Amino acid sequence: METTSRVGAQPPAAEGGQQLPSARRTVDGYLQAPFPWYGLDEAFTGPRWLMQVGTAADGAVEHGSIGHGDEPSVRADAGSAGEPREKFAVVVTVAAQPSRRSADGTGLLEATSVASAAWLAGVGLLSFTWPHQMDHSLRDDWLDQQTETAWALADDLEGAEWSRLSLPVDGVAMPFHYRESEFGWVLAGTTGAGVHLGAYGRGMSAYGLGFAVVKDVAAYA
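Procedures and definitions
- Residues numbered from 1 in each chain as written.
- Predicted model: local features only at pLDDT ≥ 70, side-chain atom pairs only at ≥ 80, totals over all residues.
- Heavy atoms only, no water.
- Helix = DSSP H or I, 4+ residues; strand = E, 2+ residues; numbered from the N terminus.
- Buried < 20%, exposed > 50% of the residue type's maximum accessible area, 1.4 Å probe, protein only.
- Areas by Shrake-Rupley, 256 points an atom, 1.4 Å probe, with all protein chains shown as cover.
- Pairing = 2+ DSSP bridges.
- Core = buried A, V, L, I, M, F, W, Y, C linked by side-chain atoms within 4.5 Å.
- Salt bridge = Lys/Arg side-chain N within 4 Å of Asp/Glu carboxyl O.
- 1 Å grid on protein atoms, 1.4 Å probe; cavity = no way out; pocket = protein on both sides within 12 Å on 5 of 7 lines; lining within 4 Å.
- Points joined across faces, edges and corners; volume = space filled by probe spheres on them.
- Nonpolar A, V, L, I, M, F, W, Y, C, P; charged D, E, K, R; others polar.
- Patch = residues over 30% accessible without salt bridge, like charges linked within 9 Å, V, L, I, M, F, W, Y side chains within 5 Å.
- Lys, Arg positive; Asp, Glu negative; His and termini not counted.
- Charge placed at Lys NZ, Arg CZ, Asp CG, Glu CD.
- Phe/Tyr/Trp six-rings, centres within 6.5 Å; stacked < 30°, edge-to-face > 60°.
- pLDDT = per-residue confidence, 0-100.
- Contact = heavy atoms within 4.5 Å.

Caption draft 1: Main features of the overall build of the chain. For the chain, the count of helices and strands is 3 helices and 14 strands. Per-residue burial over the chain gives 47% buried out of 221 residues. Summing over all exposed atoms, the chain offers an accessible surface of approximately 10,900 Å²; the carbon and sulfur share of this is 51%.

See the structure below:
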């Protein structure tokens, strides 16, 4: 996937409830997508919040994430003594795309797949945590190494690191690939609606989750 991924929590509203321009741009990115967005189904009654979208070189929206629960902070060893562990789940929607020419006609863009969703979910989880004993100066090297590991794992969904999990998508049970690590869990699957789904989280069990099309993504802003 040749995309520019800008994953991060949505900026807060300005004083008086008016959205900041950057928040408005975030919403606009979701509204420009030609595919449906997915989130947790109505069984989840907690907070929901937009993150950001990833785009192709021509600006077309190709994927994005919607968060549920506590907005995760980038910090080491979340849940250490005296500090409550954040509970969140992030759903990543990836447009199902075949291999195709780039907008400038100079090359081919890779097809998207369940592996694409698994990789984006794996990297998303890494972006919010790292080992507490690690010096901040080493974090970039660690992230590079772990990103490569996340890609290798996503490229081998039938490997021993993954198990199978059946979860409802729009009320229909669908198979997902699932794995756990010391940082949280990651899963990936597909839908009948032209998109692949990835998800990651910690503090919330993946086993009881269900996914559904977001009816009004602007309501999450």
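Caption draft 2: Inspection of the pairing of strand S4 (residues 61-69) at higher detail. With 9 of 9 residues buried, S4 lies mostly within the body of the structure. Sheet topology places strand S3 (residues 48-56) next to S4; 6 bridges connect them, and they run antiparallel. Across the sheet, Gly54 pairs through a bridge with His63, a residue of S4. The antiparallel pairing of S3 with S4 creates a hairpin that spans 4 residues between the two strands, and Gly59 there sits at a positive phi of about 90°. Where S4 meets strand S6 (residues 88-95), 7 bridges bridge the pair, whose relative direction is antiparallel. Across the sheet, His63 pairs through a bridge with Val94, a residue of S6.

Caption draft 3: Fine view of the nonpolar core. Among the nonpolar cores identified, the biggest contains 59 residues, and Trp37, Leu187, Tyr200 and Phe211 are the most heavily contacted of them. Per-element tally for this core: the top contributor is helix H2 (residues 114-126), with 8 residues.

Caption draft 4: View of the pattern of salt bridges. Under the definition given, this model contains 2 salt bridges. Here Glu86 and Arg202 are joined by a salt bridge, their closest N and O atoms 2.7 Å apart. Pair noted here: Glu86 is in the loop between strand S5 (75-76) and S6 and Arg202 is in strand S13 (residues 195-202), with a separation of 116 residues, a long-range link. For Arg202, a relative accessible area of 2% corresponds to the buried category. A salt bridge links Glu158 to Arg164; its shortest N-O distance comes to 3.2 Å. For the pair shown, Glu158 and Arg164 are each scored as exposed.

Caption draft 5: Geometry of unusual backbone geometry. Of note in the backbone geometry, Asp170 takes a positive phi value of approximately 55° without being a glycine. With respect to the secondary-structure elements, Asp170 resides in the loop between strand S10 (163-169) and strand S11 (172-181). On the basis of relative accessibility, which here comes to 41%, the residue Asp170 falls in the partly exposed class.

Caption draft 6: Layout of the layout of surface pockets. Looking at the largest pocket, its volume works out to about 200 Å³. Lining the largest pocket are Leu40, Asp41, Glu42, Arg48, Ala212, Val213, Val214, Lys215, Asp216 and Tyr220. Across the lining of the largest pocket, the residue classes break down as 5 nonpolar, no polar and 5 charged.

Caption draft 7: The arrangement of a negative patch on the surface in detail. Taken together, Asp140, Asp141, Asp144 and Glu148 make up a surface patch of like negative charges. Along the chain, Glu148 turns up in helix H3 (residues 139-154). Classification of Glu148 as exposed rests on a relative accessible area of 56%.

Caption draft 8: The packing of aromatic side chains, seen in detail. Applying the stated criterion to the full structure yields 5 aromatic pairs. Relative to Trp37, the ring of Tyr30 has its centre 4.7 Å away and its plane inclined at 55°; by these criteria the two rings are tilted. By relative accessible area, which is 1% here, Tyr30 ends up buried. Among the aromatic residues, those joined into a ring-pair cluster are Tyr30, Phe35 and Trp37.

Caption draft 9: View of the confidence of the model for the chain. The pLDDT averaged across the chain works out to 79; a share of 73% of its residues lies at or above 70. Segment residues 1-22 is flagged for pLDDT under 50; beyond a separation of four residues in sequence, or across chains, it makes 47 contacts in the model. Scored below 50 in pLDDT, residues 76-82 makes 11 contacts in the model with residues more than four places away or belonging to other chains.

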